[in-house]
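# Architecture at a glance
Chain by chain, the residues run as shown.
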Amino acid sequence: MTTELCAYSLEACETARRAGVTRVELCASPWEGGTTPSAAAIRMARRIPGLQLCVMVRPRGGDFLCSDSEFRQMCEEIRFARACGADGVVFGLLTADGCVDRERTAALVAEAGPMQTTFHRAFDMARDSYGALEAVIAAGCTRILTSGGCNTAAEGVGTLRRLVEQAAGRIEIMAGSGVNPSNVRLLAAAGVDAVHFSAREMRPGGMTYRNPRVSMGGCPGISEYDLLCADEKTIRQILTELNR
């Protein structure tokens, strides 16, 4: 079973390598569901040995209907990731009526060249999962990251099983969202090719002085003095469950 950590920092990438995860999906902006990471982060993550690197290509948060300029930006970001030696890129585009944007997706696949291409959980926002599967296959993507059209993969396990059957080996199906030690074997039993998880943990930052009068634009309920990290213990528990 291939394992992938959704990593929002170089520290998380190092944690993944140390724990024995197969690859990372490197992202920025966790509270927006992931956007393109910085140039320096991509370059430095690529220097970590023994770890496959897939780079998120998403110019902004929000929906998955992109403008012409945003599409050109995505093409440029793919070219940069390829020049840095990334193993893959991750993207997802929909039309206004909730279908996979097959034409633009195929263009991004072509831009990626020899890199792996993952159609991310924009797939779960499509109006028809089974039609979306055929569109992504036709566009030439390597894999789909999906929760089976539900908030979590465990909730969507029935759809995941049907997607695996429909795909019939034509594309990889990777289960993601809410994957943890208690449900990863259930998802593996659905026949998916890979599991994707973040093993998120918040830890206090190192500042002792904290200004209560100023906010830098953080999300409500999330302290701007806490740091998001990947919990190595949880990662190792997931891997242990998969190897049982």
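Residues numbered from 1 in each chain as written. Predicted model: local features only at pLDDT ≥ 70, side-chain atom pairs only at ≥ 80, totals over all residues. Heavy atoms only, no water.

Moving on: the state of the cysteines. Taken as a whole and assessed by the stated rule, the structure comprises zero disulfides. Considering cysteine sulfurs only, cysteine 27 is the nearest to cysteine 54, which forms no disulfide, with 10 Å between them. Left unpaired, cysteine 75 is separated from the closest cysteine sulfur, that of cysteine 66, by 8.8 Å. (Disulfide = S-S within 2.5 Å.)

If you walk through the whole model with that rule in mind, you get 15 salt bridges. Between glutamate 4 and arginine 23 there is a salt bridge, with its nearest N and O atoms 2.5 Å apart. One end of the pair, glutamate 4, is in strand 1 (residues 2-7); the other, arginine 23, is in strand 2 (residues 23-26), with 19 residues separating them in the sequence. For glutamate 4, a relative accessible area of 1% translates into the label buried. (Salt bridge = Lys/Arg side-chain N within 4 Å of Asp/Glu carboxyl O. Helix = DSSP H or I, 4+ residues; strand = E, 2+ residues; numbered from the N terminus. Buried < 20%, exposed > 50% of the residue type's maximum accessible area, 1.4 Å probe, protein only.)

Let us now look at unusual backbone geometry. Unusually for a residue other than glycine, serine 177 sits at a positive phi of about 100°. With respect to the element layout, serine 177 can be found in the loop between strand 7 (172-176) and helix 7 (184-189). The phi torsion at alanine 199 lies on the positive side, around 50°, for a residue other than glycine. Relative to the helices and strands, alanine 199 resides in the loop between strand 8 (194-197) and strand 9 (200-204).

Ranked by size, the top nonpolar core spans 66 residues in total, and within it Leu5, Phe91, Phe119, Leu133, Ile171 and Ile235 carry the most contacts. Contact partners of isoleucine 235, with chain neighbours within four places excluded, come to Leu5, Thr15, Ala19, Val21, Phe197, Ala199 and Ala230. If you look at the next biggest cluster of nonpolar residues, it comprises six residues, including Tyr8, Cys54, Met56 and Val90. (Core = buried A, V, L, I, M, F, W, Y, C linked by side-chain atoms within 4.5 Å. Contact = heavy atoms within 4.5 Å.)

Take the packing of helix 3 (residues 68-83) against helix 4 (residues 102-112) next. Across the interface, helix 3 lies against helix 4 with an axial gap of 9 Å and an inter-helix angle of 25°. Classified by the interaxial angle, the pair formed by helix 3 and helix 4 is roughly parallel. Along this stretch, helix 3 crosses helix 4, giving a crossing that reads as right-handed. Here Asp68, Phe71, Met74, Cys75, Ile78, Arg79 and Arg82 of helix 3 come into contact with helix 4, specifically with Arg104, Ala107, Leu108, Glu111 and Ala112. Per-class residue counts for the contact of helix 3 with helix 4 are seven nonpolar, no polar and five charged. (Axes fitted to C-alpha atoms, helices over the stretch in contact; angles between N-to-C directions. Parallel < 35°, antiparallel > 145°, perpendicular 65-115°, else oblique. Left-handed = near helix turned anticlockwise from the far one by under 90°. Nonpolar A, V, L, I, M, F, W, Y, C, P; charged D, E, K, R; others polar.)

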